[in-house]
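As a plain string of letters, each chain reads:
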Amino acid sequence: TSNYELEFETKTGDTVYLLVNATTRRDTDGKVVGVVGVAQDVTEAKKNENAITSVARELRQLIDTANAPIFGIDAQGLVNEWNNKTAEITGF
């Protein structure tokens, strides 16, 4: 059994995403005689995922190019991320 996410273009030009679960169909001797598949329309979930990824990318670019030093600190008090301005100022 395998899962595949497939992208289709409809007659109207819309993009549809299907999550397909497919498994082989075998005869009594164990020979593959076909495939059985079930598909689920995951278009809305994929669109939401793409939108979140896009926003995250834009926010990362905004932080990286900000004209102010921005940095993150982990639970141990160590700096674990910083933007370009912080690197420029500190040399790291």
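Keep in mind it's a predicted model, so treat the numbers as computed, not measured.

S.K.: For a nonpolar patch on the surface, give the residues involved together with the corresponding values.
M.R.: A cluster of nonpolar residues, Phe-71, Ile-73, Val-79, Trp-82 and Phe-92, forms a patch on the protein surface that exposes about 590 Å² of accessible area. Looking at the nonpolar patch, the elements with two or more residues in it are strand 4 (71-73) and strand 5 (79-82). Assignment of secondary structure puts Val-79 in strand 5. With relative accessibility at 45%, the residue Val-79 sits in the partly exposed group.

S.K.: Hey, could you go over the environment of Arg-26 for me, with residue numbers and the actual values?
M.R.: Position of Arg-26 among the secondary structure elements: in strand 2 (residues 15-26). On a C-alpha basis, the gap between Arg-26 and Lys-85 in space is 61 Å, while along the polypeptide they are 59 residues apart. There is a polar contact of 2.9 Å between the side chain of Arg-26 and the backbone oxygen of Gly-30.

S.K.: How would you sum up the pattern of salt bridges? Please name residues and give values.
M.R.: The final tally for this structure, using the stated rule, is five salt bridges. Two residues, Lys-46 and Glu-5, come together in a salt bridge whose shortest N-O distance is 3.1 Å. With Lys-46 in helix 1 (residues 43-65) and Glu-5 in strand 1 (residues 2-9), the pair connects residues that are 41 residues apart, well separated along the chain. Arg-60 serves as the salt-bridge partner of Asp-64, at 3.2 Å between the closest nitrogen and oxygen. Of this pair, Asp-64 and Arg-60 both sit in helix 1, four residues apart, which is roughly one turn of that helix. By relative accessible area, Arg-60 is classed as partly exposed at 35%. Through salt bridges with shared partners, a single ionic network connects Glu-5, Lys-46 and Glu-49.

Conventions and cut-offs
Starting from 1, residues in each chain are numbered consecutively following that chain's sequence as written. Whole-chain, interface and lining totals are the exception, using all residues; otherwise, since this is a predicted model, local features are given only for residues with pLDDT of at least 70 and side-chain atom pairs are given and counted only at 80 or more. Where side-chain values are given, they derive from all heavy atoms of the structure, hydrogens and water being excluded. Each patch groups residues whose relative accessible area exceeds 30% and which form no salt bridge, using 9 Å between like charges and 5 Å between nonpolar side chains of Val, Leu, Ile, Met, Phe, Trp and Tyr. Each accessible area is a Shrake-Rupley result for a 1.4 Å probe, and residues are judged covered by the shown protein chains and nothing else. For this document, the term salt bridge refers to a Lys or Arg side-chain nitrogen within 4 Å of an Asp or Glu carboxyl oxygen. Elements are defined by DSSP. Helices are runs of H or I of four residues or more, strands are runs of E of two residues or more, and each kind is numbered from the N terminus. Burial here depends on accessible area, computed with a 1.4 Å probe over protein chains only, as a share of the maximum for the residue type. Under 20% is buried, over 50% is exposed, and the range in between is partly exposed. Here a polar contact is taken to be a pair of N or O atoms separated by no more than 3.5 Å, where protein atoms must pair a possible hydrogen donor with a possible acceptor and residues adjacent in sequence count only if both atoms sit in side chains.

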